[in-house]
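Spelled out, the chains give:
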Amino acid sequence: MNDTFLKACRGEKTDYTPVWFMRQAGRYLPEYQAIRGKISFLELCKRPELCTEVTLQPIDIFGFDAAILFSDILIAMEAMGSPLEFHEGRGPVFPEPIRSQAAVDKLIVPDPNETMPFVMETIKLLRKELKVPLIGFSGAPFTLATYLIEGGSSKVFLNTKRMAFQEPEMYHALLSKITECTSLYLQAQARAGAQALQIFDSWAGIWAPCDFERFALPYVQSIISDLRKMTDVPIIYFANNGSTLIEHSCTAGADVLGLDWRSNIGDAIKRVGNHAVQGNIDPIALFLPKAELEQRIKTLLEDAKDAKGHIFNLGHGIVPQTPPDQARIAVDAVHRFSGR
Ligand code: CP3
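Residues numbered from 1 in each chain as written. Predicted model: local features only at pLDDT ≥ 70, side-chain atom pairs only at ≥ 80, totals over all residues. Heavy atoms only, no water.

Student: Help me understand the overall build of the protein chain in this model?
Tutor: The helix and strand tally for the protein chain stands at 17 helices and nine strands. In terms of overall size, the protein chain behaves like a compact globule, its C-alpha atoms giving a radius of gyration of 19 Å where 340 residues would be expected to give roughly 20 Å. For the protein chain, the proportion of its 340 residues judged to be buried stands at 60%. A separation of at least 24 residues holds for 74% of the contacts in the protein chain among residues at least 6 apart in sequence. Total accessible area computed for the protein chain in this model is approximately 14000 Å², and 49% of it derives from carbon and sulfur atoms. The average position of the 35 basic charges and that of the 40 acidic charges among the side chains of the protein chain differ by 2 Å. (Helix = DSSP H or I, 4+ residues; strand = E, 2+ residues; numbered from the N terminus. Rg over C-alpha atoms; globule rule 2.2 N^0.38 Å. Buried < 20%, exposed > 50% of the residue type's maximum accessible area, 1.4 Å probe, protein only. Contact = heavy atoms within 4.5 Å. Areas by Shrake-Rupley, 256 points an atom, 1.4 Å probe, with all protein chains shown as cover. Lys, Arg positive; Asp, Glu negative; His and termini not counted. Charge placed at Lys NZ, Arg CZ, Asp CG, Glu CD.)

What follows is the structure, given as structure tokens:
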């Protein structure tokens, strides 16, 4: 197996810089569209053979150094008992938003093997096929809670912040339940064969540092401390839009900090202490002309040379409009410039 990615996560010396992209399996690939044309996104997430196929597509096409399980962070929220829908062009919708203690009490902490067997099955199938490491993942409790409380995506997160500020006990009860679910879910993924785990905190950046410390970070710390008791797989914590929160994020307990593009990677590396880093080119920079894209990648690799470990990635998910050829240029450039 090519374990370059795992070595970089652990801060061991590597022959070259490993690369994968957040959302590397998805709509920018015609191969994915071909499968999605026949089945809804939620159904797709529950079909292990198809999830396996979709996970493998970008590995086969571009030669990424790690695969990420094809699923969605919100699958586990559906398993807690909150009905989930994906609406074409609008994204996820929870038609029954969680905004009362009674609604919180109704949520269950599910056995992940019973409620999400398709995820564990996908992991097992993938481990038979893959020659690069497999990353499992979850959302961070706060990010998951925003979808449940808002009923879907949001711009200002009024309902979420209002619950945190005005009804902190209810907020804590909800977050604690999500934390317990997520902890068990990630443990089950590790047992099924996931070789690294990433926690996506996509909305971390909406908080002031003092509130991030109260309303988001403790739940991530709790999950990671549970995981440390049962597995030594590398753990990546990605706090999106978190350049003002880097010192706080370092206390999450992860091995690797995911960085968005708003910080210079060299500056961030000075702030992360004993962590490896993952990132951090602007996903839209994949639209740069070839020579400029390559130059930007070269500079990023140089800026990251003092990292304890560096995994090249985008600063957030690849956008569906990205021409696949541009992704190829980027992956090849990372490999070439870093000495593969
Ligand atoms: O390749 C991979 O990265 C693995 C699969 C993956 C998906 N979602 C597939 C997906 C992963 C790791 C996720 C994580 C996820 N899901 C996050 C965290 C990362 C981030 O982007 O911040 C979040 C916030 C979600 C919730 C979610 N799922 C939203 C808001 C949406 C709608 C917006 C969008 O991008 O379409 C989704 C849908 C989704 N998740 C798609 C895919 C491939 C598109 C579904 C389709 O085919 O129509």
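Read on for the rest.
Student: Got a minute to help me understand the pairing of strand β8 (residues 276–281) in this structure?
Tutor: One face of the sheet, then the other: side chains in a regular strand alternate in exactly this way. Most of β8 sits out of view: six of its six residues are buried. Inspection of the sheet shows strand β7 (residues 256–258) paired to β8 by three bridges, in the parallel sense. Along β8, the bridge assignment pairs V256 with A276. For the crossover that starts at β7, traverses helix α15 (residues 265–271) and ends in the parallel β8, the hand is right-handed. The sheet contact formed by β8 and strand β9 (residues 310–314) spans five bridges and is parallel. Each bridged residue has a counterpart across the sheet, and for G279 the counterpart in β9 is F312. In this region the chain leaves β8, passes through helix α16 (residues 290–303) and returns to the parallel neighbour β9; the handedness of that crossover is right-handed. (Pairing = 2+ DSSP bridges. Right-handed = clockwise from strand over helix to strand, strands pointing away.)

Student: Teacher, can you tell me more about the packing of aromatic side chains here?
Tutor: Aromatic rings considered in pairs are described by the distance between their centres and by the relative angle of their planes. What the rule picks out here adds up to 14 aromatic pairs. Here the aromatic rings of Y32 and F70 are separated by 5.7 Å at their centres, their planes lie at 50 degrees, and the arrangement is tilted. One end of the pair, Y32, is in helix α2 (residues 30–36); the other, F70, is in the loop between β1 (67–68) and α5 (75–79), and 38 residues separate them in sequence. For the residue pair Y32 and F70, the accessibility class agrees, reading buried in each case. Grouping aromatic residues by their ring pairs yields a cluster made of F142, F165, Y171, W207 and F215. The ring of W261 carries the charged tip of R262 above its face, separated from the ring centre by 3.9 Å. (Phe/Tyr/Trp six-rings, centres within 6.5 Å; stacked < 30°, edge-to-face > 60°. Lys NZ or Arg CZ within 6 Å of the ring centre and 35° of its normal.)

Student: Any chance you could explain the pairing of β9 here in plain terms?
Tutor: Within β9, five of the five residues are buried, which leaves the element mostly enclosed by the surrounding structure. Alternating positions in β9 separate into two faces, H310, F312 and L314 on one and I311 and N313 on the other, with burial throughout.

Student: What should I look at first to understand the side chain of N159 in this one?
Tutor: Inspection of the secondary structure assignment puts N159 in helix α10 (residues 158–166). Using a relative accessible area of 19% as the deciding quantity, one classes N159 as buried. Polar side-chain contacts of N159 include one of 3.2 Å to the side chain of R162. (Polar contact = N/O pair within 3.5 Å; in protein donor to acceptor, adjacent residues only side chain to side chain.)

Student: Just checking my understanding: could you explain the pattern of salt bridges for this structure?
Tutor: If the charged atoms of two oppositely charged side chains come close together, the side chains can form a pair. The full count for this structure, using the stated rule, is 11 salt bridges. R228 is the salt-bridge partner of D255, the closest N and O atoms lying 3.0 Å from each other. With a gap of 27 residues between them, D255 in the loop between α14 (246–249) and β7 and R228 in helix α13 (residues 217–230) connect regions that are remote in the sequence. Here E294 and K290 are joined by a salt bridge, their closest N and O atoms 3.5 Å apart. With E294 and K290 both in helix α16 and four residues apart, the pair spans about one turn of that helix. (Salt bridge = Lys/Arg side-chain N within 4 Å of Asp/Glu carboxyl O.)

Student: Is there a simple way to explain the environment of A333 in this structure?
Tutor: Relative to the helices and strands, A333 is located in helix α17 (residues 324–337). C-alpha separation for the pair A333 and E43, spaced 290 residues apart in sequence, amounts to 36 Å. The contact partners of A333, leaving out residues within four places of it in the chain, are E294 and I297.

Student: Sorry, what's going on with the site of the ligand here?
Tutor: Neighbouring residues of the ligand: 22 residues in total, closest R27, Y32, D72, S202 and H316. A25 places a main-chain nitrogen or oxygen 3.0 Å from an oxygen atom of the ligand. Within the side chain of Y32, a nitrogen or oxygen atom sits 2.5 Å from an oxygen atom of the ligand. Here the ligand loses 88% of its free accessible area of 860 Å² to cover by the protein chains. For the shell around the ligand, a count of residues per class yields 13 nonpolar, five polar and four charged. (Near = heavy atom within 4 Å. Nonpolar A, V, L, I, M, F, W, Y, C, P; charged D, E, K, R; others polar.)

Student: What am I meant to see in the sheet that holds strand β5 (residues 196–201) here?
Tutor: As a general point, the strands of a sheet are linked pairwise by backbone hydrogen bonds and lie either parallel or antiparallel. Strand order in this open sheet of seven strands is β1-β4-β5-β6-β7-β8-β9, and the pairing throughout is parallel. In this open sheet, the two strands that pair with only one neighbour each are β1 and β9. Contacts between α13 and the sheet are confined to β5 and β6 (235–239), with β5 contributing the most and set at about 170 degrees to the helix. (Axes fitted to C-alpha atoms, helices over the stretch in contact; angles between N-to-C directions.)

Student: Sorry, what's going on with helix α4 (residues 48–62) here?
Tutor: For an α-helix, 3.6 residues make a turn, and residues three or four places apart therefore share a direction. For α4, spanning 15 residues, the distance from its first C-alpha to its last is 22 Å, which sits close to the expected 21 Å at 1.5 Å a residue. Those residues of α4 not exposed but buried are P48, L50, C51, T52, V54, T55, L56, Q57, P58, I59 and F62. On the buried face of α4, the contacting elements are α2, α3 (41–45), β1, α8 (117–129) and α17. Looking one or two residues past α4, G63 carries a phi angle of roughly 75 degrees, positive in sign. (Expected span 1.5 Å × (residues − 1).)

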